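Examining the three-dimensional arrangement
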Amino acid sequence: MTTPFEYAEQHASRFEEELCDWLRIPSVSADDAHRDDVRRAAVWVAQQFEQLGLQVEQIETPGHPIVLAEWLGAPGAPTALVYGHYDVQPPDPLDLWQTPPFEPTRRDGNIYARGATDDKGQAFTHIKSVEAWLRTENRLPINVRFLIEGEEEIGSEHLFAYIADHRDRLRSDVAVISDTSQFAPGVPAITYGLRGICYYELRLQGPSQDLHSGSFGGAITNPANVLATMLAALVDDHGRIQVPGFYDDVEPPTDEERRQLAALPFDQSAFFSEVGVDGGTGEEGYTTLERRWIRPSYDVNGLWGGYQGQGAKTVLPSKAGAKFSFRLVPRQNPAKITAALRKMLESICPPGIRMQLIDFHGAPGVVVPLDSPFISAAATAIEKGFGRRPVFIREGGSIPVVSVFHEELGLDTLLLGWGQSDDNMHAPNEKFSLADFHRGILASAHLWEELRRLGTSG
Ligand code: BES
Ligand code: MN
Ligand code: MN
């Protein structure tokens, strides 16, 4: 008799080939030109589930489809809601990729492609572990319900609506997501906190057309100058965000948590040198890990205005704009922050400039309790799959659905990341270690068994 774990090893190279097929589909959710490709990626994963004999539904939304697939053949055992996303970030700048983003390439133990780690490769580990169980034991130890969406990278709007409308249908015991990273190579982790996000575009309109900066400069308000002033006003010299009330709901870290973060084997100089900088700045009084994981942050994500061409052009531009975002910590409310931000920007916007603030997606930060039996089960599964007990970390990125699972379905989420921090998520040369891919499949196959031992809560 082959065990699920032996099966996973025997079929390792086919699993890699299949992942490559999925990665070849350029499912860029942010880009309308890829709308059909996004759909193809949904259909592809729905077919995977069908081949395994799961009950599959492709749910149409005004945006991209949601794939729901269920195996509910273990009555009395718990049900895991496994979430993943098949959409990917835009691949540009293309010229910085060593091999094209949608031609997956295996090189030095990694698979390189957009979506390799975020999130197709990681989500696929759970699909293959289910295959390993079904093809050997003809059953799973617990019930599993997959929810694979195509709008994570653009804010998960339509998934939120679907979940709110199908609370009974989706009733489960725990959520499972592999869309984060390990702490370091050889140091697997369970993530117990994610930051939230508020994302904006600020558009400033000055004179009705571009003007000669000699004839008009000094008397007509320049929107590019004002943009710089307004963006700079949002943070002070101590790295504190200046939106009134911004920190009202931010809970100060406990001494215990600060001690635990400080005890992690974090190499700060390696962290900086890996990204090619000689140091960093942030909120005064906090360590680098605290700044990344448990404190809010503010980043300009893009800005434009005026002349960008060769040489000098003495112009006073008529327009300028920027995209910027805040990362939030648990308890901060995106809507409240947006209202306070709008008020502040309106109050500092000078005469001669009309401003427009566009509010894109928002999601609150989350923490999951570490003292749950689910966490212990996951830690054991990771130890069996990766050969080492996980450390407990937080992450600075966001997965919007996690707070919705908690609010709408009452679920805690196990954030079991198989990636590495240098996997180049959202960047050129995104990769996923093949060893981590296979260990992730093993850990997942153990997870179903470990969760079964817990029984069901009702
Ligand atoms: N997989 C990431 C979340 C993540 C990032 C986890 C970094 C751990 C470390 C996810 O796909 C993502 O990119 N989320 C977006 C959410 C946003 C578009 C609403 C993010 O964090 O920017
Ligand atoms: Mn992701
Ligand atoms: Mn992402």
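Residues numbered from 1 in each chain as written. Chains lettered and ligands numbered in written order. Predicted model: local features only at pLDDT ≥ 70, side-chain atom pairs only at ≥ 80, totals over all residues. Heavy atoms only, no water.

On to the overall build of the protein chain, then. Across its full length, the protein chain carries 14 helices and 18 strands. The C-alpha radius of gyration computed for the protein chain amounts to 24 Å, which stays within 12% of the reference 23 Å derived for 458 residues, consistent with globular compactness. Along the longest, intermediate and shortest principal axes, the C-alpha atoms of the protein chain span 85 × 50 × 45 Å. Burial status across the protein chain gives 55% buried among its 458 residues. Contacts in the protein chain between residues at least 24 apart in sequence constitute 80% of all its contacts with a sequence separation of at least 6. As displayed, the protein chain has an accessible area near 20,000 Å², and 49% of this comes from carbon and sulfur atoms. (Helix = DSSP H or I, 4+ residues; strand = E, 2+ residues; numbered from the N terminus. Rg over C-alpha atoms; globule rule 2.2 N^0.38 Å. Buried < 20%, exposed > 50% of the residue type's maximum accessible area, 1.4 Å probe, protein only. Contact = heavy atoms within 4.5 Å. Areas by Shrake-Rupley, 256 points an atom, 1.4 Å probe, with all protein chains shown as cover.)

Around the manganese ion (ligand 3), the protein supplies Asp118 (OD), Glu153 (OE), Glu153 (OE) and His426 (NE2) as donor atoms, at distances of 2.1 to 2.6 Å. Each of the 6 donor atoms bound to the manganese ion (ligand 3) contributes to angles spanning 55 to 153 degrees, and the resulting shape is irregular. Distance-wise, the manganese ion (ligand 2) is placed 3.6 Å from the manganese ion (ligand 3), both being coordinated by Asp118. Within this pair, whereas Glu153 is found in the loop between β6 (143–149) and α5 (157–165), its partner His426 is found in the loop between β17 (413–417) and β18 (431–433), the two being separated by 273 residues in sequence. Given a relative accessible area of 13%, Glu153 falls into the buried group. Its relative accessible area of 40% is what places His426 among the partly exposed residues. (Donors = N, O, S within 2.8 Å, 3.2 Å for Na, K, Ca; no water. Tetrahedral: all angles 85-135°; square planar, octahedral: opposite > 155°, others 65-115°.)

What follows is about the coordination of the manganese ion (ligand 2). At this site the manganese ion (ligand 2) is bound by His85 (NE2), Asp118 (OD), Asp179 (OD) and Asp179 (OD), with donor distances of 2.0 to 2.3 Å. Donor residues for the manganese ion (ligand 2), ordered by position in the chain, follow H-x32-D-x60-D.

The next thing to look at is unusual backbone geometry. Here the amide bond leading from Asp92 into Pro93 is cis, since omega sits at 5 degrees, within 30 degrees of zero. For Pro93, the location among the structural elements is in the loop between β3 (79–85) and β4 (105–107). Residue Asp118 is joined to Asp119 through a cis peptide bond whose omega torsion reads 0 degrees. Mapped onto the elements, Asp119 comes out in the loop between β5 (110–112) and α4 (120–136). Although it is not a glycine, Asp108 sits at a positive phi angle of roughly 35 degrees. Relative to the helices and strands, Asp108 is located in the loop between β4 and β5. Asp108 gets classed as exposed once you look at its relative accessible area, which sits at 61%. Residues other than glycine seldom take positive phi values, yet His426 does so here, at roughly 70 degrees.

Another aspect to go through is the sheet that holds strand β14 (residues 354–363). Overall, antiparallel pairing links the 4 strands, which are arranged β11-β13-β9-β14 in an open sheet. With one partner strand each, in any of the chains shown, β11 (297–305) and β14 form the two edges of the open sheet. Here the average twist between neighbouring strands, direction ignored, is 15 degrees. In terms of strand pairing, strand β9 (residues 196–205) meets β14 through 8 bridges, oriented antiparallel. Its bridge partner lying in β14, Tyr200 is registered against Asp359. Contacting β9, β11, β13 (319–328) and β14, helix α7 (residues 223–233) runs over the sheet at an angle of about 15 degrees to β13. Contacting β9, β13 and β14, helix α11 (residues 334–348) runs over the sheet at an angle of about 165 degrees to β14. (Pairing = 2+ DSSP bridges. Axes fitted to C-alpha atoms, helices over the stretch in contact; angles between N-to-C directions.)

We now examine the sheet that holds β18. Strand order in the open sheet formed by 3 strands is β4-β5-β18, with antiparallel pairing between adjacent strands. Because the sheet does not close on itself, it has two edges, and the strands there are β4 and β18. With strand direction ignored, the average angle separating the axes of adjacent strands in the sheet is 25 degrees. Contacts from helix α14 (residues 434–454) reach β4, β5 and β18 within the one sheet, and its direction differs from that of β18 by about 60 degrees.

Of all 5 residues in strand β16 (residues 391–395), 4 are buried, a share of seventy percent or more. Sheet topology places strand β8 (residues 189–194) next to β16; 5 bridges connect them, and they run parallel. Looking at β16, one finds that Thr191 is bridged to Ile393.

Time to look at the site of ligand 1. For ligand 1, the set of nearby residues contains 16 residues, the closest of which are Glu152, Asp179, Arg327, Ser398 and His426. His85 has a polar side-chain atom sitting 3.2 Å from an oxygen atom of ligand 1. The fraction of the free accessible surface of ligand 1 (510 Å²) that becomes covered by protein chains is 89%. (Near = heavy atom within 4 Å. Polar contact = N/O pair within 3.5 Å; in protein donor to acceptor, adjacent residues only side chain to side chain.)

On to the pattern of salt bridges, then. Evaluation of the coordinates by the stated rule reveals 30 salt bridges. Measuring nitrogen to oxygen at the nearest pair gives 3.0 Å for the salt bridge that ties Arg331 to Glu251. In this pair, Arg331 sits in the loop between β13 and α11 while Glu251 sits in the loop between α7 and α8 (255–263), placing the two residues 80 residues apart along the sequence. Looking at Arg331, the relative accessible area reads 59%, which means it is exposed. Residue Glu251 is classed as partly exposed on the basis of its relative accessible area, which comes to 48%. (Salt bridge = Lys/Arg side-chain N within 4 Å of Asp/Glu carboxyl O.)

Segmenting the protein chain into domains produces domain 1 (4–194 + 366–452) and domain 2 (196–250 + 296–363). Each of domain 1 and domain 2 was reduced to a C-alpha centroid, and the two centroids are 36 Å apart. Counting from both sides, the interface comprises 10 residues of domain 1 and, opposite them, 6 residues of domain 2. When domain 1 packs against domain 2, the two sides together hide about 560 Å² of surface, and 57% of this comes from carbon and sulfur. Inspection of the domain 1/domain 2 interface yields 0 salt bridges. Taken together, domain 1 and domain 2 are joined by 2 residue pairs in polar contact (both at pLDDT 80 or more). (Domains from an automatic or database assignment. Buried area = accessible area lost by both parts, 1.4 Å probe.)

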